[in-house]
Amino acid sequence: MKVYTVHTHPGDADPMENAILIHEGFNFWAFILSGLWALYHRLWAAFFGLLAVSLICILLTYLFDGGPEMDFALALATGIGFGLIANDLRRKKLAAEGWKLVEIVAGADENAAEHRLFDRLRGHHAAQNTIQNTLQNAVPTALPGSIPTP
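Residues numbered from 1 in each chain as written. Predicted model: local features only at pLDDT ≥ 70, side-chain atom pairs only at ≥ 80, totals over all residues. Heavy atoms only, no water.

Quick word on unusual backbone geometry
Our working definition: Numbering of helices and strands runs from the N terminus, with a helix taken as a DSSP run of H or I at least four residues long and a strand as a DSSP run of E at least two residues long.
One non-glycine residue with positive phi stands out, namely Arg42, at about 55°. Phi is positive for Asp65, which is not a glycine, with a value near 50°. With respect to the element layout, Asp65 can be found in the loop between α3 (44-63) and α4 (68-96).

Here it is, written out as structure tokens:
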């Protein structure tokens, strides 16, 4: 099962309408398409950071007279590193924009996790309504040994 964090924007009328689920762990697409993935998610600092790391890798390959093997190894290390931290960078950006982490949910894929989340929320609201109705319909009774008031 994959684990997802659920983020909502508190300013929305229905926060769950625009909820964002972010996978916990390695992001394959950020590994394969690092720069494009960062641009797509509007992670400008991450994009420019990748650009700087790429330039440093080119410089290192040139300074140490490395061949294509060294270039490939550095690019692979950069891609793996970015794939490991990409989802965390996305969470950090959402938090900076005011989004709140409201839930952690697991599922076979994102759709299954989303269904599980809404089932859990539906069950929570049903239980809350049951408790509220019970409290509203409760008839106050005198405790044993107490003096009833008229």
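With respect to the packing of aromatic side chains
Which entries qualify depends on this criterion: Here is the rule: rings of Phe, Tyr and Trp (six-membered ring for Trp) pair when centre to centre is within 6.5 Å. Planes less than 30 degrees apart are stacked, more than 60 are edge-to-face, and the remainder are tilted.
Summed over the entire model, instances satisfying the criterion amount to five aromatic pairs. A ring pair is formed by Phe28 and Phe31, whose centres lie 6.5 Å apart and whose planes are at 50°; its orientation type is tilted. In this pair, Phe28 and Phe31 both sit in helix α1 (residues 28-32), three residues apart, roughly one turn of the helix. Here a set of aromatic residues connected by ring pairs shows up, and it is made of Phe26, Phe28, Trp29 and Phe31.

Observations concerning α4
Applied cut-off: In a helix, the anticipated span is given by 1.5 Å times the number of residues less one. We define the bend at any residue as the angle between the axes fitted to the seven residues before and including it, ending there, and the seven starting there. Summary of the burial criterion: residues with accessible area below 20% of their type's maximum are buried, those above 50% are exposed, and those between are partly exposed, where the area comes from a 1.4 Å probe applied to protein chains only. In this analysis, two residues are considered to be in contact whenever any of their non-hydrogen atoms come within 4.5 Å of each other.
Helix length check: α4, at 29 residues, gives a terminal C-alpha distance of 39 Å against a target of 42 Å (1.5 Å per residue), a fit within 8%. At Ile85, α4 shows its strongest bend, of approximately 45°. Among the residues making up α4, those that are buried are Thr78, Gly79, Phe82, Gly83, Ala86, Asn87, Arg91 and Leu94. Of the surrounding secondary structure, the elements contacted by the buried residues of α4 are β1 (2-8), β2 (20-23), α1, α2 (34-40) and α3. Downstream of α4 by a residue or two, Gly98 has a phi angle that is positive, lying close to 100°.

Observations concerning the confidence of the model for the protein chain
Let me state the cut-off plainly: Every residue carries a pLDDT, the predictor's confidence in it, which falls somewhere between 0 and 100.
Mean pLDDT over the protein chain works out to 86, with 82% of the residues at or above the 70 mark. The element-level mean pLDDT for the protein chain is lowest in helix α5 (residues 110-137), coming to 72, with α1 highest at 97.

Description of the pattern of salt bridges
The following threshold applies: For this analysis, a salt bridge means a side-chain nitrogen from Lys or Arg found within 4 Å of a carboxyl oxygen belonging to Asp or Glu.
Under the criterion given, the structure shown has four salt bridges. Lys93 is the partner of Glu97 in a salt bridge, and the nearest nitrogen-oxygen pair spans 3.2 Å. Note on Lys93: relative accessible area 24%, which makes it partly exposed. Among the ionic pairs, Glu103 bridges to Arg120, the shortest N-O distance being 2.4 Å.

Points about the nonpolar core
So the rule is basically this: Each nonpolar core is a collection of buried residues, namely Ala, Val, Leu, Ile, Met, Phe, Trp, Tyr and Cys, held together in the definition by side-chain atoms within 4.5 Å.
Judged by nonpolar contacts, Ala30, Trp37, Ala38, Leu43, Ala46, Leu50, Phe82 and Ala86 together constitute the single largest core of eight residues. Listed by contribution, the elements that provide at least two residues to this core are α2, α3 and α4. Setting aside chain neighbours within four positions, we find Leu50 in contact with Ser34, Gly35, Thr78 and Phe82.

Observations concerning the side chain of His7
Rules: Side-chain atoms alone can form a polar contact between residues adjacent in sequence; in general such a contact is a pair of N or O atoms within 3.5 Å, and within protein one must be able to donate a hydrogen while the other accepts it.
Secondary-structure assignment places His7 in strand β1. Look at His7 and you get buried, because its relative accessible area is 5%. A polar atom in the side chain of His7 sits 2.9 Å from the side chain of Thr5. Apart from residues no more than four positions distant in its own chain, His7 is found in contact with Asn18, Ala19, Ile20, Ile22, Arg91, Leu94, Trp99, Lys100 and Leu101.

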